[in-house]
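Per-entry structural report
Read off the chains here:
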Amino acid sequence: MKIFKLAVRNMLGAGTKTWLNALVLSFSFVAIIWAQSLFKGLDEEASRSLTDIEYGGGQYWVEGYDPLDPFSIQDSHRPVPPPLAELVEGGRAAAILVVQGTLYVDGRTQSILLKGIDPGQRVLTLPSSALAAADHEIPAVIGTRMARNAGLKKGATLTVRWRDVRGTFDARDFVVTEVFETTAASADAGTVWIPLEDLRRMAGAPEEATLVVVEKGYAPAPVVAGWAFKDTEFLLRDIREFIEMKTIGMSIFYVVLMSLAMLAIFNTQVLSIWRRRREIGTMIALGLTRARVIALFTLEGSMLSFLAVLVGAVYGVPLLAWFAVSGWSFPAEQTESFGLALGNTLYPIYSVGLVAGTALLVFLITTVVSFLPTRRIAKLKPTDAIKGKLS
Amino acid sequence: MDNGTIIRTQELTKVYPMGRSSIRALNNVNLTFDRGEFVALVGPSGSGKTTLLNIIGSLDTPTEGGAEVMGRRVETLSHRQAAELRSRHIGFIFQTFNLLPVYTAYENVEFPLLLLKMSAAERKKAVLDALEWVGLADRAKSRPGQLSGGQSQRVAIARAVVKRPGIVLADEPTANLDAENSHMILDTMESLNRNLGTTFIFATHDEKVIRHVRRKITLVDGAVARDEKMKTGGAS
């Protein structure tokens, strides 16, 4: 049976109508790939940025430390144990001490986290070398979000109050020696980075740390008593769940897009069956069974998805390629309203799986939508259909 | 069924329900048609001509009685079996030509062959032969919209005979044509009847058609009123 050949003839024979439907469907196809690739790019960007600047190859946390529980932070410090101290001395890990503090700026107070880090560390891409500046009393490095929220800039002096391990409050001025840009909000917002040894002195916790970040690729992580190793899977879990939620939210957009395209196809099929009823009757008279006529109409509809892929490729490949190179830029205010730290430019990431998966989805939905109206053919009396009547 | 008989109806009755009442379109019709006949079914509108053609063509089923076509009982056929009977043994010609609009003349004629197991080369030869028979070999690439009424009906005839069916059923084939085209069409069908031995059965009001046939069956109120041999038929 040459149903496929007949379907191709009918589809191409329909001319403009076919191409318009394919064009509408291709918009959905390309838009879904584009949006999905942006989320994939977002995931990659967020993961890379967080591992580069904060998570490294994983972190050892002092037992009891929970970055989401402010009450756990005051007591979360302990001398760095020998196995980890060796890694730190060998440049394969960076110790970080975390102390809660209050920033006084422009007559207002703001809760912050003071994080002490070795200015010479190379494990994280944080610009800690700016903390080695000797001219200033205590240098501080902050991120752009922190700078914007507190109205600070490079060279500004900020006053910070903290409480040491014995519970005594003290306060000092720091000088901002560097303002860095990062998409990792947890390394930026509400965080002031200062030299590790200065913070240890201020907190009365010599040789101590809250966490130790190991270099990327460090494995296997040995068990260290009193410290819990958190791998990057664990550390990135929240951000990935967040992106997944956003992706699911975005699926409403896909549903709307696909619905519009499917409505067009459904409508075309219904009209087509009505308009071509004489043709249907003739085909049955010529020896086609109703089932094959249904298969023919369904195939014609579902083949639109193949045409849509072709049409989409014509304009989609250059468009998406251009996006992959130039990225999608948006202002910082907009990125923060997204609820997630984004880079100023987001680069989409495409994969064969993404394109093939989207094509398969579009094909399956198109086939179902093409099939539904054809059930009416089964009820058509060929003797009426030949005369152009609907029964 | 005799060797020469390819259609036999027995007490063939068709009743269409119309609300609470019903219409008896065919009433105990007993007819036989032999291979190579050139027959006209005549009668006023509503006399049952088209209904009889539809049942013989296995597009419809009788309410009572039966019809045996090419050795198959039409009333017992499944959809698939009826479709197979039509695709192998029966060609249709319609008043409104019913060409598939997006196909060329060649593709329209090729359509019935696509339903049969034929190689592309065999199909091509059969289609070109059929178009040659109806004198439209030069319009093979034309679409129905580019053809006149007469040309369209000749393409429809080519489509009906391309698979060399035993029976061609033609429902008012000349009703939409002028006199000149009607004659041309009838000459073509007569020639095919003579050369291919195909049985042609027409449902018609057209005197021009009646003048060409060798047998005329008159239906009145769904029953056979007269069944007469004609002297003026062209084919032997």
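Residues numbered from 1 in each chain as written. Chains lettered and ligands numbered in written order. Predicted model: local features only at pLDDT ≥ 70, side-chain atom pairs only at ≥ 80, totals over all residues.

Of the residues in chain B, 97% have a pLDDT of 70 or more, and the chain-wide mean is 91. As a predicted assembly, this complex carries a pTM of 0.71 together with an ipTM value of 0.89. (pLDDT = per-residue confidence, 0-100.)

With that settled, consider the sheet that holds strand β4 (residues 64-69) of chain B. Residue and element names in this part refer to chain B. Judged by pairing direction, the sheet is antiparallel, and its four strands sit side by side in the order β2-β1-β4-β5 without closing on themselves. Unpaired on one side and paired on the other, β2 (21-34) and β5 (72-73) mark the two borders of the sheet. Strand direction decides the pairing type here: β4 and β5, joined by two bridges, are antiparallel. Opposite E68, over in β5, you have R73 as the bridge partner. (Pairing = 2+ DSSP bridges. Helix = DSSP H or I, 4+ residues; strand = E, 2+ residues; numbered from the N terminus.)

So, about the sheet that holds strand β9 (residues 215-220) of chain B. Within a beta sheet, neighbouring strands are joined by backbone hydrogen bonds and run either parallel or antiparallel to one another. All names here are of chain B. Read across the sheet, six strands follow the order β6-β7-β8-β3-β9-β10 without closing on themselves; strand pairing throughout is mixed. Edge positions in the sheet fall to β6 (90-93) and β10 (223-229), since each has one partner strand and no second. Direction aside, the axes of adjacent strands within the sheet are offset by 15 degrees on average. Pairing of strand β3 (residues 38-42) with β9, which is carried by four bridges, proceeds in the parallel orientation. Directly across from L41, in β9, lies its bridge partner I217. Sheet strands touched by helix α1 (residues 49-56): β3, β7 (167-171), β8 (199-203) and β9. Its angle to β8, the strand with the most contacts, is close to 145 degrees. Lying on the sheet, helix α5 (residues 149-161) is in contact with β6 and β7; it crosses β6 at an angle near 170 degrees. (Axes fitted to C-alpha atoms, helices over the stretch in contact; angles between N-to-C directions. Contact = placed C-beta atoms within 7 Å.)

With that settled, consider the packing of helix α3 (residues 105-114) of chain B against helix α4 (residues 120-133) of chain B. All names here are of chain B. Orientation of α3 relative to α4, taken along the N-to-C sense of each, is 120 degrees, at an axis distance of 9 Å. One element, α3, and the other, α4, form an angle in the oblique class. Crossing hand, α3 versus α4: right-handed. Contacts between α3 and α4 pair A105, Y106, V109, E110 and L113 from the former with R123, A126, V127, A130 and L131 from the latter. Residues that form the contact of α3 with α4 fall into these classes: eight nonpolar, no polar and two charged. (Parallel < 35°, antiparallel > 145°, perpendicular 65-115°, else oblique. Left-handed = near helix turned anticlockwise from the far one by under 90°. Nonpolar A, V, L, I, M, F, W, Y, C, P; charged D, E, K, R; others polar.)

As a further point, take helix α12 (residues 352-374) of chain A. All names here are of chain A. In a regular helix each residue adds 1.5 Å, so 23 residues correspond to 33 Å; α12 covers 33 Å between its end C-alpha atoms and thus fits that length. Residues V355, T358, V362, T366, V369, S370, P373 and T374 constitute the buried set of α12. Buried-residue contacts for α12 involve α2 (16-55), α8 (237-275) and α10 (290-326). (Expected span 1.5 Å × (residues − 1). Buried ≥ 20, exposed ≤ 12 C-beta atoms within 10 Å, placed from the backbone.)

Moving on, we get to the environment of A:D66. Residue and element names in this part refer to chain A. Locating D66 in the fold gives a position in the loop between β1 (59-62) and α3 (70-73). We classify D66 as exposed; it has 11 C-beta atoms within 10 Å. Along the sequence, D66 and S76 sit 10 residues apart, while their C-alpha atoms lie 8.5 Å from each other.

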